[in-house]
Amino acid sequence: HSVQMIDSTVARAHHCAAGERGGFRIRVLGAKRSAGDPSLEGSLIRLTFSTKIHLKTNGAGLPIAVEITGGEVSDYRGYGPLMEADGPLARVLLADRGYDSDAIRQDMQDRGGVAVIPARRNRKVRESVDTHIYALRNRIERCFNRLKNARRVATRYDKTAASFLGFVQITSIRMWFRDFVNTA
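The rules behind each value
- Residues numbered from 1 in each chain as written.
- Predicted model: local features only at pLDDT ≥ 70, side-chain atom pairs only at ≥ 80, totals over all residues.
- Heavy atoms only, no water.
- Helix = DSSP H or I, 4+ residues; strand = E, 2+ residues; numbered from the N terminus.
- Buried < 20%, exposed > 50% of the residue type's maximum accessible area, 1.4 Å probe, protein only.
- Contact = heavy atoms within 4.5 Å.
- Areas by Shrake-Rupley, 256 points an atom, 1.4 Å probe, with all protein chains shown as cover.
- Arc of directions from axis to C-beta.
- Axes fitted to C-alpha atoms, helices over the stretch in contact; angles between N-to-C directions.
- Parallel < 35°, antiparallel > 145°, perpendicular 65-115°, else oblique.
- Left-handed = near helix turned anticlockwise from the far one by under 90°.
- Core = buried A, V, L, I, M, F, W, Y, C linked by side-chain atoms within 4.5 Å.
- Polar contact = N/O pair within 3.5 Å; in protein donor to acceptor, adjacent residues only side chain to side chain.
- Salt bridge = Lys/Arg side-chain N within 4 Å of Asp/Glu carboxyl O.

Participant: Could you clarify how one ought to interpret the overall build of the protein in this entry?
Facilitator: Summing up its helical and strand segments, the protein has six helices and eight strands in all. Looking at the protein as a whole, 42% of its 184 residues are labelled buried. Considering only residue pairs separated by 6 or more positions, the protein has 57% of its internal contacts joining residues 24 or more positions apart. Carbon and sulfur atoms form 54% of the exposed surface of the protein, whose accessible area is close to 10300 Å².

Put into structure tokens, the structure is as follows:
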């Protein structure tokens, strides 16, 4: 089975990153904005001083897809672009309570996989979670820890979303190199 994990973390922007007049702005990656579409995808939005990194990792905890959004954006918004990214299909998807929704569970079932997501406390019908499989989710938390060891990721200095995303991707590539060198 192809085990994958998704999660998100917030990177606070350093005060130097707020140099653009009127606050800094980010282009939300993903689908193009169609006429009359009220969603923020493909549009410019004004952000607070935080950016959310949405990450999909393989079973070993190595990044395979990255998306960035404004820091106040829900985890649901990062799910679609991460799952549409190139790469192997997830047969088992591990996520935290932030991703607990019927739509995400149905999407995983439509893709031929299983979502291992603990239920939110307010959910009326709770599904059981295999705790042994869910325990593997600590690998994505360790991945975020390794990403944030790069000070430029932990404290966002970049003024543009593209340069910040690029540095997150470079840091992810370094993690893959370290894993490859240490296993070869």
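Participant: When you look at helix 1 (residues 75-84) in this model, what are you seeing that I'm missing?
Facilitator: Residues that lie three or four places apart on an α-helix share one face, since the helix turns once every 3.6 residues. Inspection of helix 1 places Asp 75, Gly 78, Tyr 79, Leu 82 and Met 83 among the buried residues, and these make up the whole buried set. The arc that holds the buried residues of helix 1, viewed along the axis, is 125°, so those residues lie on one side.

Participant: Honestly, the packing of helix 1 against helix 2 (residues 102-110) in this entry has me stumped. Any pointers?
Facilitator: Any two packed helices are characterised by how steeply their axes cross, that is the angle between the axes, and by the distance between the axes. Two elements in contact, helix 1 and helix 2, have axes whose closest approach is 11 Å; the angle formed by their N-to-C orientations is 15°. Relative to helix 2, the element helix 1 is oriented roughly parallel. Our pair here, helix 1 against helix 2, has a crossing hand that is left-handed. Between helix 1 and helix 2, the residues in contact are Tyr 76, Tyr 79 and Met 83 and Ile 104, Asp 107 and Met 108, respectively.

Participant: In this structure, what is going on with the nonpolar core? I would like to understand it.
Facilitator: Nonpolar side chains tend toward joint burial in soluble globular proteins. Grouped together as the largest cluster of nonpolar side chains are 21 residues, with contacts concentrated most on Ile 53, Leu 55, Val 66, Ile 68, Phe 144, Phe 164 and Val 168. At the level of elements, strand 1 (3-13), strand 4 (50-58), strand 5 (63-70), strand 6 (92-94), helix 4 (138-148) and helix 6 (161-183) are the ones that each hand at least two residues to this core. Here this core takes five residues from helix 6, the largest share from any one element. Residue contacts for Phe 144: discarding those within four places in its chain leaves Asp 7, Ser 8, Thr 9, Ile 53 and Leu 55.

Participant: When you look at helix 4 in this model, what are you seeing that I'm missing?
Facilitator: For helix 4, the complete set of buried residues consists of Ile 140, Cys 143, Phe 144 and Leu 147. For helix 4, the arc enclosing every buried residue in end-on projection is 100°, short of the 170-degree limit, so these residues lie on one face.

Participant: I keep staring at the environment of Asp 130 and nothing clicks. Help me out?
Facilitator: Mapped onto the elements of the fold, Asp 130 is located in the loop between strand 7 (114-116) and helix 3 (131-134). Distance in space between the C-alpha atoms of Asp 130 and Ile 117 is 9.3 Å, their sequence separation being 13 residues.

Participant: Please clarify how the side chain of Thr 51 should be interpreted in this entry.
Facilitator: In this fold, Thr 51 is placed in strand 4. Exposure remark for Thr 51: the relative accessible area of 0% places this residue in the buried category. Of the polar contacts made by the side chain of Thr 51, one reaches the side chain of Arg 156; its length is 2.6 Å. With near-sequence residues (within four places) excluded, Thr 51 lies in contact with Thr 9, Val 10, Ala 11, Ile 68, Thr 69, Gly 70, Gly 71, Arg 156 and Phe 164.

Participant: How should I be thinking about the pattern of salt bridges in this particular structure?
Facilitator: A side chain with one charge can pair with a side chain of the opposite charge if their charged atoms come near. For the coordinates displayed, the defined rule picks out nine salt bridges. Between Arg 111 and Glu 84 there is a salt bridge, and its shortest N-O distance comes to 2.7 Å. Here Glu 84 lies in helix 1 and Arg 111 lies in the loop between helix 2 and strand 7, a separation of 27 residues in the sequence. Among the salt bridges present, the one from Arg 123 reaches Asp 100, with a minimum N-O distance of 2.9 Å. Of the two residues, Arg 123 is situated in the loop between strand 7 and helix 3 and Asp 100 in the loop between strand 6 and helix 2; the sequence distance between them amounts to 23 residues. Asp 100 shares its class with Arg 123; the two are buried.

Participant: Hey, could you run me through the environment of Tyr 76 in this one?
Facilitator: Structurally, the position occupied by Tyr 76 is in helix 1. Its relative accessible area of 36% is what places Tyr 76 among the partly exposed residues. Counting along the chain gives 28 residues from Tyr 76 to Ile 104, while the straight-line C-alpha distance between them is 8.3 Å. Those residues in contact with Tyr 76, other than ones at most four positions away along the chain, are Gly 98, Tyr 99, Asp 100, Ser 101, Ile 104 and Arg 120.

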